[in-house]
Amino acid sequence: MMRVTLISVGTVKESYLQQALQEYRKRLSAFCRLQEIELREARIADEDDPEQVRRALEVEGEQILSRIPAGSYRIALCVEGTQYDSPALAALLERGAGHSGKLTLIIGSSHGLSDTVKAACDCRLSVSKMTFPHQLMRVILLEGLYRSFTITAGKKYHK
């Protein structure tokens, strides 16, 4: 069974998002072993100071890189990434995990991901040209993973 690691910076506090995440965790359990790693967002005194933001992203980046499982196909979620329709994403995930059976998807903080993390990844994925809160992106990503697995398995979920 494929191993999927989701590394995300920041916590999900809203109960309705927690419920959605729990539902997709349950659905995904038929297709993969999901491990979620939640990292603390670095504190920034002045959100308008680009240097403070850059330093915070580097601190978060070091934490992220230290938690990526060895041999894993690494996907960074970022605005400059490639957008895929659902069948193409399913194919990408299947190809990516093909060698080791391990995928790692990375969601950054509200400030994004460091260039170091992006450079260390095998693929950059953009879910949409729109911006979403990173807490909601976790739900969207788990739904996309579930949809991808159902496509690969030939199930009827994807219409």
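The rules we used
- Residues numbered from 1 in each chain as written.
- Predicted model: local features only at pLDDT ≥ 70, side-chain atom pairs only at ≥ 80, totals over all residues.
- Heavy atoms only, no water.
- Axes fitted to C-alpha atoms, helices over the stretch in contact; angles between N-to-C directions.
- Helix = DSSP H or I, 4+ residues; strand = E, 2+ residues; numbered from the N terminus.
- Parallel < 35°, antiparallel > 145°, perpendicular 65-115°, else oblique.
- Contact = heavy atoms within 4.5 Å.
- Nonpolar A, V, L, I, M, F, W, Y, C, P; charged D, E, K, R; others polar.
- Left-handed = near helix turned anticlockwise from the far one by under 90°.
- Expected span 1.5 Å × (residues − 1).
- Polar contact = N/O pair within 3.5 Å; in protein donor to acceptor, adjacent residues only side chain to side chain.
- Phe/Tyr/Trp six-rings, centres within 6.5 Å; stacked < 30°, edge-to-face > 60°.
- Buried < 20%, exposed > 50% of the residue type's maximum accessible area, 1.4 Å probe, protein only.
- Pairing = 2+ DSSP bridges.
- Right-handed = clockwise from strand over helix to strand, strands pointing away.

Caption draft 1: Local environment of the packing of helix H3 (residues 86-97) against helix H5 (residues 134-153). Remark: H3 packs on H5, axes separated minimally by 8 Å, with the N-to-C direction vectors making an angle of 80°. In this view, H3 runs roughly perpendicular relative to H5, as classed from their interaxial angle. Taking contact as the criterion, the partners of Ser86, Pro87, Leu89, Ala90, Leu93 and Glu94 in H3 are, on H5, Gly144, Leu145, Arg147, Ser148, Ile151 and Thr152. Here the contact of H3 with H5 is composed, by residue class, of six nonpolar, four polar and two charged.

Caption draft 2: Molecular detail of the environment of Met137. Its location among the elements puts Met137 in helix H5. Other than its neighbours up to four places away in sequence, Met137 contacts Leu77, Ile107, Val127 and Phe132.

Caption draft 3: Looking closely at the packing of helix H1 (residues 15-28) against H5. Contact geometry of H1 with H5 gives a least axis separation of 9 Å together with a crossing angle of 20°. Taken together, the axes of H1 and H5 lie roughly parallel to each other. H5 is crossed by H1, and the crossing has left-handed handedness. On H5, the residues that touch Leu17, Ala20, Leu21, Tyr24, Arg25, Arg27 and Leu28 of H1 are Gln135, Leu136, Arg138, Val139, Leu142, Glu143, Leu145, Tyr146 and Phe149. Here the residues of the contact of H1 with H5 are counted per class, giving eleven nonpolar, one polar and four charged.

Caption draft 4: Structural view of H3. The end-to-end C-alpha distance of H3, which contains twelve residues, comes to 17 Å, matching closely the 16 Å that a straight helix rising 1.5 Å per residue would cover. Residue Asp85 occupies the N-cap position of H3, its side-chain oxygen lying 2.9 Å from the main-chain nitrogen of Ala88.

Caption draft 5: Representation of the packing of aromatic side chains within the structure. A complete count under the given rule lists three aromatic pairs for this structure. A centroid spacing of 5.9 Å and a plane angle of 5° characterise the contact between Phe31 and Phe149, whose relative ring orientation is stacked. Pair noted here: Phe31 is in the loop between H1 and strand S2 (32-39) and Phe149 is in helix H5, with a separation of 118 residues, a long-range link. Phe149 sits in the buried class, given a relative accessible area of 9%. Each residue in the set Tyr24, Phe31, Tyr146 and Phe149 is aromatic and connected to the rest through ring pairs, giving one cluster.

Caption draft 6: Representation of the pairing of strand S3 (residues 73-82) within the structure. Of the strand pairs in this sheet, S3 and strand S4 (residues 102-107) are connected by four bridges, and their pairing is parallel. Across the sheet, Ile75 pairs through a bridge with Leu105, a residue of S4. At this point the chain moves from S3, through H3, to the parallel S4, and the crossover so formed is right-handed. Looking at chain direction, S3 and strand S5 (residues 123-125) are connected through four bridges and run parallel. Across the sheet, residue Ala76 finds its bridge partner in S5, namely Arg124.

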